[in-house]
Amino acid sequence: MMRNLIICFVTISFRSLGQDYAQYHARINEAEEFIVHNQYEEALKIYEEVFTAYDFVFLNDYQIA
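Caption draft 1: Representation of the nonpolar core within the structure. Ranked by size, the top nonpolar core spans 12 residues in total: Tyr21, Tyr24, Ile28, Ala31, Ala43, Ile46, Tyr47, Val50, Phe51, Tyr54, Val57 and Phe58. Every element with two or more residues in this core is listed here: α2 (21-36) and α3 (40-53). With 5 residues, α3 is the single largest residue contributor to this core. Beyond its immediate sequence surroundings of up to four residues, valine 57 is in contact with Tyr24, Phe51 and Tyr62.

So this is what it looks like as structure tokens:
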């Protein structure tokens, strides 16, 4: 619950900077789904795309990648 609230706040904050962090989180969720299915190469491709496209990357996402 608290994590969702924080994600919502951060998403709203970063939208004002011109980057859509709702899309960021959707793509990260895609990567995590690939990991669950042992498709690591596909997951790494998504992580690379996301990390390159966004100015701010959450530490937790780096740790998972």
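Once the structure has been displayed, the description carries forward.
Caption draft 2: Focus on the pattern of salt bridges. Counted according to the given criterion, the structure contains 2 salt bridges. For glutamate 30, the salt bridge goes to arginine 27, with nearest N and O atoms at 3.1 Å. Highlighted residues: glutamate 30 and arginine 27, both in helix α2, separated by 3 residues, approximately one helical turn. Exposure remark for glutamate 30: the relative accessible area of 35% places this residue in the partly exposed category. A salt bridge links arginine 27 to glutamate 49; its shortest N-O distance comes to 2.3 Å. Placement of arginine 27 in helix α2 and of glutamate 49 in helix α3 is noted, with a sequence separation of 22 residues between them. Overall, glutamate 49 belongs to the partly exposed group, its relative accessible area being 46%. Overlapping salt bridges bring together Arg27, Glu30 and Glu49 as one network.

Caption draft 3: Quick peek at the packing of α2 against α3. The contact between α2 and α3 brings their axes to 7 Å, and the two run at 160°. By the angle class used here, α2 and α3 are roughly antiparallel. Considering how the two elements wind past one another, α2 and α3 form a crossing that is left-handed. Contacts between α2 and α3 pair Tyr24, Arg27, Ile28, Glu30, Ala31, Glu32, Phe34 and Ile35 from the former with Tyr40, Glu42, Ala43, Ile46, Tyr47, Glu49, Val50 and Phe51 from the latter. Its residues assigned to classes, the contact of α2 with α3 shows 11 nonpolar, no polar and 5 charged.

Analysis parameters
Residues numbered from 1 in each chain as written. Predicted model: local features only at pLDDT ≥ 70, side-chain atom pairs only at ≥ 80, totals over all residues. Heavy atoms only, no water. Core = buried A, V, L, I, M, F, W, Y, C linked by side-chain atoms within 4.5 Å. Buried < 20%, exposed > 50% of the residue type's maximum accessible area, 1.4 Å probe, protein only. Helix = DSSP H or I, 4+ residues; strand = E, 2+ residues; numbered from the N terminus. Contact = heavy atoms within 4.5 Å. Salt bridge = Lys/Arg side-chain N within 4 Å of Asp/Glu carboxyl O. Axes fitted to C-alpha atoms, helices over the stretch in contact; angles between N-to-C directions. Parallel < 35°, antiparallel > 145°, perpendicular 65-115°, else oblique. Left-handed = near helix turned anticlockwise from the far one by under 90°. Nonpolar A, V, L, I, M, F, W, Y, C, P; charged D, E, K, R; others polar.

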